[in-house]
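Listed here are the chains, written in short residue letters.
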Amino acid sequence: MAKREEKEKHKSMTLLELEHSLAEQHKLYLKDSENVISDTNLRQEKWITNSPLSSEKFSNDIFESLCKNTNKKLVFELLKNPYFPQEYLSELADVQESYSNDELYLLWLILKHPNCPETVLKEVSELDDSLDYKISLLKKAIALNPNAKKSVVQDLLKNDYRWVRQAAGSHLSLKKNDILKLIGTGDRYILKGLKENVNCDDTMVKNISTLLDDEEKYPLEYTT
């Protein structure tokens, strides 16, 4: 019992010290900034980016407390932390059909995270992006997450948005045999992704570069 109380006391002190440090940094920021941007704006603020939020190996309890903070930018920075626990990523992931800029950025950070749960990656990959291109940005984040399942990546290779297909082509789940098959698709942006793939050897890279020089056979796409 005494041990548990000591642990709780230590946790509380650590959290208080961190919150105090952040509060002091925020005061200095407000003092030094002539034009303070609203907390709902996505621009980063030095008092947050200079903090240990994105790198410190906090306890799960401290992560839990910090991810409930009302300052969105603080939570955004915390989501860049490689130690962020999977369970809290699941709690923060609110999968919808449309998003505000803040909601989009929050989910984008979650999908990029190495601890992002497979269930969240799959759920977002199945959203319809035909009516809102913002969803395609989330799908690109999935394609760049090394933990995305190969079946999800294969679906993303068929996506209408070129940046999603290109990101999917670079995924490490695609092995040499997959790459050789995909080279024959005739899709410029899959080829560009394959060229960046770690499983693509020098001969393949050279072959892909030659194919990409032919803009008639492998046409450029433009976004209106």
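Keep in mind the model is a prediction, meaning the values are calculated, not measured.

Colleague: Any chance you could explain the nonpolar core here in plain terms?
Modeller: Here is a general trend for soluble globular proteins: nonpolar side chains tend to be buried in one another's company. Counting 62 residues, the largest nonpolar core has Leu79, Phe84, Ile110, Leu111 and Leu194 as the members making the most contacts within it. Here this core takes 7 residues from helix α6 (residues 101–112), the largest share from any one element. Ignoring sequence-local partners within four residues, the contact set of Ile110 consists of Leu79, Leu89, Leu92, Ala93 and Cys116.

Colleague: Would you mind going over the packing of aromatic side chains with me for this structure?
Modeller: Working definition: an aromatic ring pair is given by the centre-to-centre distance plus the angle between the planes. Under the defined criterion, the tally for this structure stands at 5 aromatic pairs. Seen from their ring centres, Phe63 and Phe84 are 5.4 Å apart, and the 55 degrees between their planes marks the pair as tilted. Of this pair, Phe63 sits in helix α3 (residues 60–66) while Phe84 sits in the loop between α4 (72–78) and α5 (86–92), and the two are 21 residues apart along the sequence. Considered together, Phe63 and Phe84 belong to a single accessibility category, that of buried residues. A ring pair is formed by Phe76 and Tyr105, whose centres lie 4.8 Å apart and whose planes are at 80 degrees; its orientation type is edge-to-face.

Conventions we followed
- Residues numbered from 1 in each chain as written.
- Predicted model: local features only at pLDDT ≥ 70, side-chain atom pairs only at ≥ 80, totals over all residues.
- Heavy atoms only, no water.
- Core = buried A, V, L, I, M, F, W, Y, C linked by side-chain atoms within 4.5 Å.
- Buried < 20%, exposed > 50% of the residue type's maximum accessible area, 1.4 Å probe, protein only.
- Helix = DSSP H or I, 4+ residues; strand = E, 2+ residues; numbered from the N terminus.
- Contact = heavy atoms within 4.5 Å.
- Phe/Tyr/Trp six-rings, centres within 6.5 Å; stacked < 30°, edge-to-face > 60°.

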